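The residues making up each chain are set out below.
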Amino acid sequence: MFFRNLTLFRFPVSLDLEGLEEALANHPLKPVGPLELSSRGFVPALGRDAEALSHRVGDAAWVAVGGEDRLLPAAVVNDMLARKLDEAEEREGRRPGGRARKRMKDELVHELLPRAFVRPSRTDALLDLKHGLCIVDTSSRKSAEAVVSALRQALGSFPALPANAEIAPRSVLTGWIAGEPLPDGISLGEECELKDGNDTGAVVKCQRHDLGSDEISHHLEAGKQVTKLALVLDDHVSFVLGEDLVVRKLKFLDGAVDQLEGGDHDDMRAELDARFVLMSAEVRRLFEILEPALKLSRVDA
């Protein structure tokens, strides 16, 4: 259940979330109706067999927004509509007008929806109550905003805003790759993306590359700036940090996973709990390092 991507939002640390479980229970995922395109709601964080929708350990809470979407490809609808239009033209001697076409399309969708396949989805989020952080497991801003909106609807008020840096992140990332001291516990990985300063020129992507090489230095001397940079935290976690403050390709390394192997986990739920404890601790440490380095803004109550 380790998160793979981290999209960060800040909310006031004074926010009271004691009633979180009760609030989520009033907004569970309901099966998508026969004439609905989609449905959204909260699902048990620890899996479908769990009773509680949220899972909390200390100041960290785990929630998950589930979804069901009916798959009705536009190509299928348009193909069937074209056939019906041909039949109508042959029968009536003229092509149906725009209003008639819209009515026929709506009737087709109404007819096809109940037979459409349903695709389930799930997006997890970590609420760090100590730091006022909502961390969504996605690199898509739209998907992350959807989770925050679901929390806002369930709680009545959830003043969370996307993480914002007081200094340009690309200048910090460029400085780190250019030789400026990295924060304690952080080391360079082997991946980066560089762009011309005006964002309209060349883009250079390097993977499995020595970021201290002369080749990288030449790109920096030419005025390119780092927009994505692979980093490693304490030899426990590797990730790629972007100038949009999204953490991608999050991976827990052997040094972190070894901590799980020493535990005694009799069932899947116990293992999920242990993984959540480990993940929340590592993600919290990562944030505590990045917050001062990037001067991340807080959200006042």
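The preceding data block contains the structure.
To start, this report covers the structure provided alongside it. Keep in mind that this is a model prediction, so the values were computed, not measured. (Residues numbered from 1 in each chain as written. Predicted model: local features only at pLDDT ≥ 70, side-chain atom pairs only at ≥ 80, totals over all residues. Heavy atoms only, no water.)

Topic: the overall build of the protein chain
Now for step 1: Secondary structure assignment for the protein chain yields eight helices and 12 strands.
Now for step 2: The C-alpha atoms of the protein chain give 24 Å as radius of gyration, which overshoots the globular expectation for 301 residues (19 Å, by more than 25%).
Now for step 3: Each of the three principal axes of the protein chain carries a C-alpha extent, and together these read 75 × 50 × 40 Å.
Now for step 4: Expressed as a percentage of the 301 residues in the protein chain, the buried residues total 45%.
Now for step 5: Side chains of the protein chain give 39 positive and 51 negative charges; the mean places of these two sets differ by 9 Å. (Helix = DSSP H or I, 4+ residues; strand = E, 2+ residues; numbered from the N terminus. Rg over C-alpha atoms; globule rule 2.2 N^0.38 Å. Buried < 20%, exposed > 50% of the residue type's maximum accessible area, 1.4 Å probe, protein only. Lys, Arg positive; Asp, Glu negative; His and termini not counted. Charge placed at Lys NZ, Arg CZ, Asp CG, Glu CD.)

Concerning the sheet that holds strand S11 (residues 237-242)
Now for step 1: Here five strands make up an open sheet; going across it, the order is S9-S8-S10-S11-S12 and the pairing antiparallel. Each end of this open sheet is capped by a strand with a single partner; those strands are strand S9 (203-207) and strand S12 (247-252). Strand-to-strand, the axes of this sheet are offset by a mean angle of 20 degrees, without reference to chain direction.
Now for step 2: Here strand S8 (residues 186-195) runs beside strand S10 (residues 225-233); their pairing, made up of seven bridges, is antiparallel. Opposite Glu193, over in S10, you have Lys228 as the bridge partner.
Now for step 3: Contacting S8, S10 and S11, helix H5 (residues 169-178) runs over the sheet at an angle of about 65 degrees to S10. (Pairing = 2+ DSSP bridges. Axes fitted to C-alpha atoms, helices over the stretch in contact; angles between N-to-C directions. Contact = heavy atoms within 4.5 Å.)

Description of the pattern of salt bridges
Now for step 1: Tallied over the full model, the rule gives 20 salt bridges.
Now for step 2: The closest approach of N and O atoms between Asp128 and Arg284, which form a salt bridge, is 3.0 Å. Placement of Asp128 in strand S5 (residues 117-128) and of Arg284 in helix H8 (residues 268-294) is noted, with a sequence separation of 156 residues between them.
Now for step 3: Sharing partners across several salt bridges, the network here consists of Arg10, Glu291 and Arg298. (Salt bridge = Lys/Arg side-chain N within 4 Å of Asp/Glu carboxyl O.)

Re unusual backbone geometry
Now for step 1: The phi torsion at Asp235 lies on the positive side, around 60 degrees, for a residue other than glycine.
Now for step 2: Mapped onto the secondary structure, Asp235 falls in the loop between S10 and S11.
Now for step 3: A positive phi is found at Lys295, a non-glycine position, where the angle reads about 55 degrees.
Now for step 4: Residue placement: Lys295 occurs in the segment after H8.

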